[in-house]
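Results of the structural survey
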Amino acid sequence: MVAATAWFGAYAGNVDAAMPDGAEALIGETAAVVGDEAPVADVETGAAPAASVAVPLDFTGFNPTDTARVLRLTEEELIFAETPALPCRKYRDGMAVNYWQLGTPVAVGAVASLFVKTPKLVQAREYVQKHLSQHGKHKTTVDNYLQYAPIVASYGLFACGLKGENGLLDRTIIAAMSYTIFVAVNAGMKFAFGEKRPDSNAHNSFPSGHTGTAVTGAEFLRREYWSTSPWIGVAGYAVALTTAYLRIHNDRHWINDVVGGAAVGYFSTTLAYWLYPKIFRKRYERHIKEREARLARECAGIDLPKRRSGGVTGFGAPFAGGGAVGFSMALNF
């Protein structure tokens, strides 16, 4: 029933391409699931060339599990066969959560809370405030809008065609869980600690809600696009860091407030990604199967999006400053 196997590697998806030096030596027995000396088919037309090429047995690499799914063509459908691993790009799993990622922000938040009442630490935070804050001068409202930039950017990228880790519904569920957890934890801590703000008599300074909101979105952005490009996550955290600094600059928060807010924000998103597979198990299992199929196709060079020779590409992002708020977009022709 097996109609073809294909040569995978640097020339994946192009079975007519010349093989690299020494590749002929690797062409030997075909993996047991495929069969001996199965003819190689043209991936697009299905036409079988005269030459016979087999999948080498000694390839390693691909994916955290160190196994690959190799596509083999049959007369009727594509079948995924377990085979030795192939040399494909390493995938960064944005859904993966370990206990260090959950425990570290809890520890950081606990340390930040010590600056609320401990005399020596209170003096330390006041020293930092003296050098970073403008004490009510040159205030800006940019941070009021900047805190939402990472989460808006994640949906903006999705709208521009950069899909990320999850589909629209799944990412929306995770985002809603993240912000629900953050609002609950942040409000509870503000009530429990009752820290006085630097610029007023309001006792709701610790932790910083603006900073936490920004970090919640930044971690969400990082996880959704971690495999696409780590720099997207870096950009999100740069925005969150700017938001944290502006809260001190505007004399609205102490240094421990923004550290505590960042810890709560990171914890909230991480916890949401940890809970999602447990609450929505069937959706998560379907997501994993779809992801494995997509990675296998990418590895094999099959059904990849074709690069356009022309057309228009673009990128958009929100902005705020000088009393104006809007959305800027860059287009490449």
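Residues numbered from 1 in each chain as written. Predicted model: local features only at pLDDT ≥ 70, side-chain atom pairs only at ≥ 80, totals over all residues. Heavy atoms only, no water.

**Comments concerning the overall build of the protein**
Inclusion rule: By definition, any uninterrupted DSSP run of H or I lasting at least four residues is a helix, any uninterrupted run of E lasting at least two residues is a strand, and each is numbered from the N terminus. Each residue is assigned to one of three classes by its accessible area relative to the maximum for its type, calculated with a 1.4 Å probe on protein chains only: buried under 20%, partly exposed between the two thresholds, exposed over 50%. In this description, contact between two residues means that some pair of their heavy atoms is separated by no more than 4.5 Å. The protein chains shown are the only cover counted for residues, whose accessible areas, like all others here, come from Shrake-Rupley with a 1.4 Å probe.
Counting its secondary structure elements, the protein contains 9 helices and 5 strands. Starting at the N terminus and ending at the C terminus, the protein contains elements arranged as β-β-β-α-α-α-α-α-α-α-α-α-β-β. Among the 333 residues that make up the protein, the fraction classed as buried is 41%. Within the protein, contacts between residues at least 6 apart in sequence are counted, and of these 71% link residues at least 24 apart. Here the protein displays about 18000 Å² of accessible surface, and carbon together with sulfur accounts for 61% of that area.

**Digging into helix α6 (residues 209–225)**
Short version of the rule: A helix is expected to span 1.5 Å multiplied by its residue count minus one.
Under the 1.5 Å per step criterion, the end-to-end length of α6 is 24 Å for 17 residues, consistent within 8% with the ideal 24 Å. The buried count for α6 comes to 17 of 17 residues, which makes it a mostly enclosed element.

**Thoughts on the environment of R283**
With respect to the secondary-structure elements, R283 resides in helix α9 (residues 281–300). Contact partners of R283, with chain neighbours within four places excluded, come to L169, D170 and Y276.

**Some thoughts on the side chain of S268**
Selection rule: Polar contacts here mean pairs of N or O atoms no more than 3.5 Å apart (in protein, one a potential hydrogen donor and the other a potential acceptor; neighbouring residues in sequence count only if both atoms are side-chain atoms).
Mapped onto the fold, S268 is located in helix α8 (residues 255–279). Judged by relative accessible area, which is 0%, S268 ranks as buried. A polar side-chain atom of S268 sits 3.4 Å from the main-chain amide nitrogen of F182. Those residues in contact with S268, other than ones at most four positions away along the chain, are S178, I181 and F182.

**A look at the packing of α6 against helix α7 (residues 230–249)**
Two packed helices can be described by the angle between their axes and the distance between those axes. Convention followed: Whenever a helix is involved, its axis is fitted only over the stretch in contact; in every case the axis is a line through C-alpha atoms, and angles between N-to-C directions fall within 0 to 180 degrees. When an angle is under 35 degrees it counts as roughly parallel; over 145 it counts as roughly antiparallel; between 65 and 115 it counts as roughly perpendicular; any other value is oblique. All amino acids are sorted into three groups, where Ala, Val, Leu, Ile, Met, Phe, Trp, Tyr, Cys and Pro are nonpolar, Asp, Glu, Lys and Arg are charged, and the leftover types, Gly among them, are polar.
Close contact between α6 and α7 brings their axes to 8 Å; oriented N to C, the two are set at 175°. With respect to α7, the element α6 is oriented roughly antiparallel. In this structure, α6 contributes H210, T211, A214, V215, A218, E219, L221, R222 and Y225 to the contact, and α7 contributes P230, I232, G233, G236, Y237, A240, T243, A244 and R247. Here the contact of α6 with α7 is composed, by residue class, of 10 nonpolar, 5 polar and 3 charged.

**Comments concerning the confidence of the model for the protein**
Note: predicted coordinates in regions of low pLDDT should not be interpreted at a detailed level. Under the convention used in this document: Per residue, pLDDT measures the predictor's confidence, with a range of 0 to 100.
Averaged over the protein, the pLDDT score is 75; the fraction of residues at 70 or greater is 63%. The low-confidence segment residues 1–44, where pLDDT is below 50, has 99 contacts with residues more than four positions distant or belonging to other chains. Note that pLDDT drops below 50 for residues 304–312; the model gives that stretch 7 contacts with residues more than four away or on any other chain.

**Here we look at the packing of aromatic side chains**
Quick reminder of the rule: The criterion for an aromatic pair is that two Phe, Tyr or Trp rings (for Trp, the six-membered ring) have centres within 6.5 Å, with stacked assigned to planes under 30 degrees apart, edge-to-face to planes over 60 apart and tilted to the rest. Geometrically, a charge over a ring is one whose NZ (Lys) or CZ (Arg) sits within 6 Å of the ring centre while staying within 35 degrees of the ring normal.
In total, this model carries 3 aromatic pairs according to the counting rule given. An angle of 80° between the planes, with centres 5.1 Å apart, marks the rings of F193 and F206 as edge-to-face. Taken together, the residues span a long stretch of sequence, with F193 in helix α5 (residues 168–193) and F206 in the loop between α5 and α6 at a distance of 13 residues. The exposure class assigned to F206 is buried, which follows from its relative accessible area of 0%. One cation-aromatic arrangement involves K163 over F158; the distance from NZ or CZ to the ring centre is 4.6 Å.

**As for the packing of α5 against α6**
Stated precisely, the cut-off is as follows: A crossing counts as left-handed when the near helix is turned anticlockwise from the far one by less than a right angle, and as right-handed when that turn is clockwise.
Axis separation between α5 and α6 bottoms out at 10 Å; the angle between their running directions is 155°. Taken together, the axis directions place α5 and α6 in an arrangement best described as roughly antiparallel. When you trace α5 past α6, the crossing you get is right-handed. When α5 is examined against α6, the residues R171, I174, A175, S178, Y179, F182, N186 and K190 are found in contact with a partner set consisting of G209, G212, T213, T216, G217, F220, E224 and Y225. Of the residues contributing to the contact of α5 with α6, the split by class is 6 nonpolar, 7 polar and 3 charged.

**A closer look at the environment of S205**
Along the chain, S205 turns up in the loop between α5 and α6. Residues S205 and G194, spaced 11 residues apart in sequence, show a C-alpha to C-alpha distance of 7.1 Å. Beyond its immediate chain neighbours, meaning those up to four positions away, S205 contacts K190, E195, K196, R197, P198, R252, H253, W254 and D257. One polar contact links S205 to D257, side chain to side chain, over a distance of 2.3 Å.

**Quick notes on the pattern of salt bridges**
Going by this rule: Take a side-chain nitrogen of Lys or Arg and a carboxyl oxygen of Asp or Glu: if they are within 4 Å of each other, that pair is a salt bridge.
On inspection of all chains with the given rule, the structure shows 10 salt bridges. E165 serves as the salt-bridge partner of R291, at 2.8 Å between the closest nitrogen and oxygen. Linking R291 in helix α9 with E165 in the loop between α4 (149–159) and α5, this pair joins segments that are 126 residues apart in sequence. Grouping residues by exposure puts R291 and E165 together as buried. Among the ionic pairs, D199 bridges to R252, the shortest N-O distance being 3.0 Å. Here D199, found in the loop between α5 and α6, pairs with R252, found in the loop between α7 and α8; they are 53 residues apart in sequence, far enough to count as distant. Overall, D199 belongs to the partly exposed group, its relative accessible area being 30%. On the basis of relative accessible area, R252 is assigned to the partly exposed category, the value being 25%.

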